[in-house]
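Overview (structure and organization)
Each chain, letter by letter, is given below.
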Amino acid sequence: MISGVRGTLIDFTGDPFVLGDENSIRVEQDGLLVIEEGKILNRGNFNQLIKHYPHLETIDYSGYYVMPGFIDTHVHYSQIGIIGSYGKHLLEWLETYVYNEEAKFKDIEYSRRAAIFFLEELIQNGTTTALVFASVHPQSVEVFF
């Protein structure tokens, strides 16, 4: 089945650190993604593309950005409860906040609640892929998965 998503399309065609922003970010203000079985078949201006797909069932996100999911290459789910905790130096921060927080993950229910909250926050903020670190407690990893 073919479907469509309409909105402001933003994606990247190259490395902005090499090519500069203007040459690496592509924006289509009124765009259309044409999707089949989870794969993008086509993308472009809505008015131009819709002519080729006159019966396309489309979800309309006009006024919203439609873009690839974010990738987080280093995040600790067992530190979700201490985000923003202040520390002058790494060792002070670890001793004051991290070790105490991660010790709570020996409790499977605490781990379960933290995992649910953590994963909901990732998705809510557009992160679709992450390299996630857990605590040393095996049950915290089990409930995460």
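Described below are features of the structure shown in this document. (Residues numbered from 1 in each chain as written. Predicted model: local features only at pLDDT ≥ 70, side-chain atom pairs only at ≥ 80, totals over all residues. Heavy atoms only, no water.)

Now for unusual backbone geometry. One non-glycine residue with positive phi stands out, namely Glu 37, at about 50 degrees. Within the secondary structure layout, Glu 37 lies in the loop between strand 2 (25-36) and strand 3 (39-45). (Helix = DSSP H or I, 4+ residues; strand = E, 2+ residues; numbered from the N terminus.)

According to the stated counting rule, one finds five salt bridges in the structure shown. With its nearest N and O atoms 2.8 Å apart, the salt bridge here joins Asp 30 to Arg 6. In this pair, Asp 30 is assigned in strand 2 and Arg 6 in strand 1 (residues 2-12), connecting sequence segments 24 residues apart. Look at Asp 30 and you get partly exposed, because its relative accessible area is 22%. (Salt bridge = Lys/Arg side-chain N within 4 Å of Asp/Glu carboxyl O. Buried < 20%, exposed > 50% of the residue type's maximum accessible area, 1.4 Å probe, protein only.)

Turning our attention to the nonpolar core. Judged by nonpolar contacts, Val 75, Tyr 77, Ile 80, Phe 105, Ala 114, Ala 115, Phe 118, Leu 122, Val 143 and Phe 144 together constitute the single largest core of ten residues. Those elements that place two or more of their residues in this core are helix 5 (108-124) and helix 6 (138-144). If you tally residues by element for this core, the top one is helix 5, at four residues. Setting aside anything within four residues of it in sequence, one finds Phe 144 in contact with Tyr 77, Ala 115, Phe 118, Leu 119 and Val 132. In this structure, Leu 32, Leu 49, Tyr 53 and Leu 56 belong to the second largest nonpolar core, which totals six residues. (Core = buried A, V, L, I, M, F, W, Y, C linked by side-chain atoms within 4.5 Å. Contact = heavy atoms within 4.5 Å.)

Nonpolar side chains collect at one region of the surface, where Phe 12, Ile 25, Val 27, Tyr 65, Met 67 and Phe 70 lie side by side and expose about 600 Å² of accessible area between them. Relative to the helices and strands, Tyr 65 resides in strand 4 (residues 57-66). (Patch = residues over 30% accessible without salt bridge, like charges linked within 9 Å, V, L, I, M, F, W, Y side chains within 5 Å. Areas by Shrake-Rupley, 256 points an atom, 1.4 Å probe, with all protein chains shown as cover.)

Here we take up helix 5. The terminal C-alpha atoms of helix 5 lie 24 Å apart, and with 17 residues this matches the ideal 24 Å at 1.5 Å per residue to within 8%. If you check which residues of helix 5 are buried, you get Ser 111, Ala 114, Ala 115, Phe 118 and Leu 122. Axial view of helix 5: buried residues confined to an arc of 105 degrees, hence all on one face. The exposed residues of helix 5 that point more than 90 degrees off its buried face are Arg 113, Ile 123 and Gln 124. Each element contacted by the buried residues of helix 5 is listed here: strand 5 (70-76), strand 6 (127-133) and helix 6. (Expected span 1.5 Å × (residues − 1). Arc of directions from axis to C-beta.)

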